[in-house]
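Each chain, written out:
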Amino acid sequence: MKQLRIVVSSTRPGRIGPKVAQWVAAQAPADEWEVELLDLSSLPFFDEEDMPRNGNYAKPHTKDWASKVFESDAIVVVTPQYNRSFPAPIKNAIDYLFAEWDAKPVALVGYGWTGASDATADLTKVLTHVKADVVGASGLVFTQDLTPTGELEVTDERRAELAGLLEALAAKVDEPVSASA
């Protein structure tokens, strides 16, 4: 069974990220994925002494976060769009680690008035920099796919997009490891 972690990147009061993450989890085929939701509201802002590149994590919350990312086969990041980009907690969570992101298959599901297209584009740049393997993004649009209070009525088009992202993640996980020359 493949291990899928779904990251809830918003931590603000009244957030709808957990509802969107639960919808994403419900779309993952149960015969293929074991799903766990990861909520960034419990991860403090970066407080390690050493650089993440060195992997010398001292704090229990860092070790736990590193383990969750490392042990996952794939990750879906659920993100709103705040001021034309993603919220600070997901950048913080990415910055905590380095090696754990290397070649990790990641898909992005944004939500907001424009489907969070700016947020997912910016997040793709950051994740690519830490060598994550971003397979694509989809965006849920307020008044089309969900309400600003998190009631989901997702269009068939968005469901198909998410199904495609989950298939792409599964394909990445199932790819044979190539031998180095």
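Residues numbered from 1 in each chain as written. Predicted model: local features only at pLDDT ≥ 70, side-chain atom pairs only at ≥ 80, totals over all residues. Heavy atoms only, no water.

Trainee: Is there a simple way to think about the packing of helix α3 (residues 88-96) against helix α4 (residues 117-129) in this case?
Mentor: When two helices pack together, their arrangement is given by the angle between the helix axes and the distance between those axes. Put simply, α3 and α4 touch, their axes get as near as 11 Å, and they point 10 degrees apart. The orientation of α3 with respect to α4, classified from their angle, is roughly parallel. For the pair α3 and α4, contact is made by I90, K91 and I94 and by L123, V126 and L127, respectively. In the contact of α3 with α4, the residues fall into five nonpolar, no polar and one charged. (Axes fitted to C-alpha atoms, helices over the stretch in contact; angles between N-to-C directions. Helix = DSSP H or I, 4+ residues; strand = E, 2+ residues; numbered from the N terminus. Parallel < 35°, antiparallel > 145°, perpendicular 65-115°, else oblique. Contact = heavy atoms within 4.5 Å. Nonpolar A, V, L, I, M, F, W, Y, C, P; charged D, E, K, R; others polar.)

Trainee: How should the pairing of strand β2 (residues 33-39) be read in this particular structure?
Mentor: For a regular strand, side chains alternate in direction, first toward one face of the sheet and then toward the other. The pairing of strand β1 (residues 2-8) with β2 spans seven bridges and is parallel. In the sheet register, R5 faces β2, and the bridge partner there is E36. You can see the chain leave β1, run along helix α1 (residues 17-27) and come back into β2, and the turn it takes is right-handed. (Pairing = 2+ DSSP bridges. Right-handed = clockwise from strand over helix to strand, strands pointing away.)

Trainee: Just checking my understanding: could you explain the side chain of S85 for this structure?
Mentor: Tracing the chain through its elements places S85 in the loop between β3 (74-80) and α3. Once residues within four sequence positions are removed from consideration, S85 is found in contact with P80, A119 and D122.

Trainee: Looking at this structure, I do not really get the environment of D47. What am I missing?
Mentor: Within the fold, D47 resides in the loop between β2 and α2 (60-71). Filtering out sequence-adjacent residues up to four positions away, D47 remains in contact with K59, H61, T62 and Y96. Side-chain polar atoms of D47 contact the side chain of H61, separated by 2.9 Å. Among the polar contacts listed, one links the side chain of D47 to the side chain of Y96, at a separation of 3.1 Å. (Polar contact = N/O pair within 3.5 Å; in protein donor to acceptor, adjacent residues only side chain to side chain.)

Trainee: What exactly am I supposed to notice about the nonpolar core here?
Mentor: One finds W65, I90, W101 and L127 to be the most contacted residues of the largest nonpolar core, which totals 28 residues. Secondary structure elements with two or more residues in this core: α2, β3, α3, β4 (105-112) and α4. Excluding its chain neighbours within four sequence positions, the residues that come into contact with W101 are W65, V69, I75, A93, I94, L127, V130, K131 and A132. (Core = buried A, V, L, I, M, F, W, Y, C linked by side-chain atoms within 4.5 Å. Buried < 20%, exposed > 50% of the residue type's maximum accessible area, 1.4 Å probe, protein only.)

Trainee: I keep staring at the packing of α1 against helix α5 (residues 156-174) and nothing clicks. Help me out?
Mentor: Their axes nearest at 10 Å, the elements α1 and α5 cross at an angle of 65 degrees. Put simply, α1 runs roughly perpendicular to α5. α1 and α5 meet at a crossing whose hand is right-handed. Residue-level inspection shows W23, V24 and Q27 of α1 in contact with α5, the latter providing R159, L162 and L166. (Left-handed = near helix turned anticlockwise from the far one by under 90°.)

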